[in-house]
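One letter stands for each residue in the lines below.
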Amino acid sequence: LNLGLYHYALLVSSRVELAKVVKQLKDKHYPLTGASDHGVSEAIYLDDPDGHGIEIYVDRPSDVWPKDKGNITMFTKSLDFISLMSTLEVDKADYQIDPMMIMGHLHLHVAHLKDAKHFFVDALGFQLVMHYGQSAMFISDEGYHHHIGLNTWQGDAQLTLEKQVGLKSYVLSIPKAQYPALMRRLTDHHVTVIKDQETIYILDPLNQKIILSIKE
């Protein structure tokens, strides 16, 4: 096993859409690796043919997210499949994936949470949402429950090799007004900004490329 991508998470727009995915996977006899209620969301888990973890989930309304002393918290309980699948109407139409689906978050294996916090929170500017025991933490922007999960569950696993199947890069979209402050933080924390033709990127603690995209 290697450090790097733990899973990528696809966010669907409703419980009905998540139920459709569950039905499709069942009909195609594709195995799930897990199914959980996290309080903030309901999720299923599976692996792609190359062994990458995939989470497909739906958020609960933010006003019912569990909180501890005013701070967002999460838990892991069994997914209530009966409740979820009860939202699904009998539909003989061909299955099509939710057109509103987006990349909801990334979850990464890291070697040390302290170093990960220094990079993702102190340098990049994400906000710490919560620690999950001593082995994971969740960070976000603008009050979301998490845009990036970070964990040490792989222990002393090695970095992903350059020619191994895995995460190649991901894009961080930065509002134009926040870009100068980001550049100052990166300089202050000795993070090298690399320019490759039209692409500007940095390397995360796992040597994965983060492409910086300025959002107007």
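Look up: the structure comes first, before these words.
Here we summarise the structure given alongside this text. Starting from 1, residues in each chain are numbered consecutively following that chain's sequence as written. Where totals are concerned, whole chains, interfaces and linings use all residues; where local detail is concerned, this predicted model gives features only for residues with pLDDT of at least 70, and gives and counts side-chain atom pairs only at 80 or more. Just so you know, side-chain values use all the structure's heavy atoms and leave hydrogens and water out.

## Remarks on the packing of aromatic side chains
- The rule is short: rings of Phe, Tyr and Trp, with Trp giving its six-membered ring, pair when the centres are within 6.5 Å, and they are stacked under 30 degrees, edge-to-face over 60, tilted in between. Scanning the entire structure with this criterion turns up four aromatic pairs.
- Geometrically, the ring pair formed by Tyr6 and Trp153 is edge-to-face, given 5.4 Å between the ring centres and 75 degrees between the ring planes. Of this pair, Tyr6 sits in strand β1 (residues 2–12) while Trp153 is found in the loop between β11 (148–151) and β12 (158–159), placing the two residues 147 residues apart along the sequence.
- Using a relative accessible area of 33% as the deciding quantity, one classes Tyr6 as partly exposed.
- The aromatic ring of Phe75 is capped on one face by Lys77, whose charged end is 4.6 Å from the ring centroid.
- Here, a charge over a ring is recorded when the distance from Lys NZ or Arg CZ to the ring centre is within 6 Å and its angle to the ring normal is within 35 degrees. The ring of Tyr201 carries Lys209 above its face, with NZ or CZ at 4.5 Å from the centroid. Helix numbers and strand numbers start at the N terminus; a helix is a DSSP run of H or I with at least 4 residues, a strand a run of E with at least 2. The cut-offs for exposure are 20% and 50% of the maximum accessible area for each residue type, with area from a 1.4 Å probe on protein chains only; residues under the lower value are buried, those over the upper are exposed, and the others partly exposed.

## Thoughts on the pairing of strand β15 (residues 199–203)
- The pairing criterion is simple: DSSP has to find at least two bridges between the two strands. Relative to β15, strand β14 (residues 194–196) runs antiparallel, the two being bridged by three bridges. Its bridge partner being in β15, Ile194 is matched across the sheet by Tyr201.
- In textbook terms, the turn of a hairpin is the stretch between consecutive antiparallel strands, and for β14 and β15 this stretch comprises two residues, one of which, Gln197, has a positive phi near 55 degrees.
- When β15 meets strand β16 (residues 209–215), the two strands line up antiparallel, connected through three bridges. From the neighbouring strand, Tyr201 faces β16, where its bridge partner is Ile211.
- The turn joining β15 and β16, which pair antiparallel and follow one another in sequence, is formed by five residues; a positive phi near 65 degrees is taken by Asn207.

## Quick word on the sheet that holds strand β13 (residues 169–175)
- Taken in spatial order, the four strands line up as β13-β16-β15-β14 in an open sheet, and their pairing is mixed. Pairing within the sheet leaves two strands with one partner each, and these edge strands are β13 and β14. Sheet twist, expressed as the mean angle between neighbouring strand axes with direction ignored, is 35 degrees. Only the stretch in contact is used when fitting a helix axis, every axis being a line fitted to C-alpha atoms; angles between N-to-C directions are given from 0 to 180 degrees.

## Describing the pairing of strand β3 (residues 41–47)
- Within β3, six of the seven residues are buried, which leaves the element mostly enclosed by the surrounding structure.
- Bridging between strand β2 (residues 34–37) and β3 involves four bridges; their strand directions are antiparallel. Bridge pairing in β3 places Ser36 opposite Ala43.
- If you look at the hairpin formed by β2 and β3, you'll find three residues sitting between the two strands, and Gly39 has a positive phi there, around 80 degrees.
- Sheet topology note: the β3/strand β4 (residues 53–59) ladder contains seven bridges and is antiparallel. In the strand pairing of β4, Ser41 is matched with Asp59.
- Hairpin connection, β3 to β4: the antiparallel pair is bridged by five residues, and Gly51 has positive phi, about 90 degrees.

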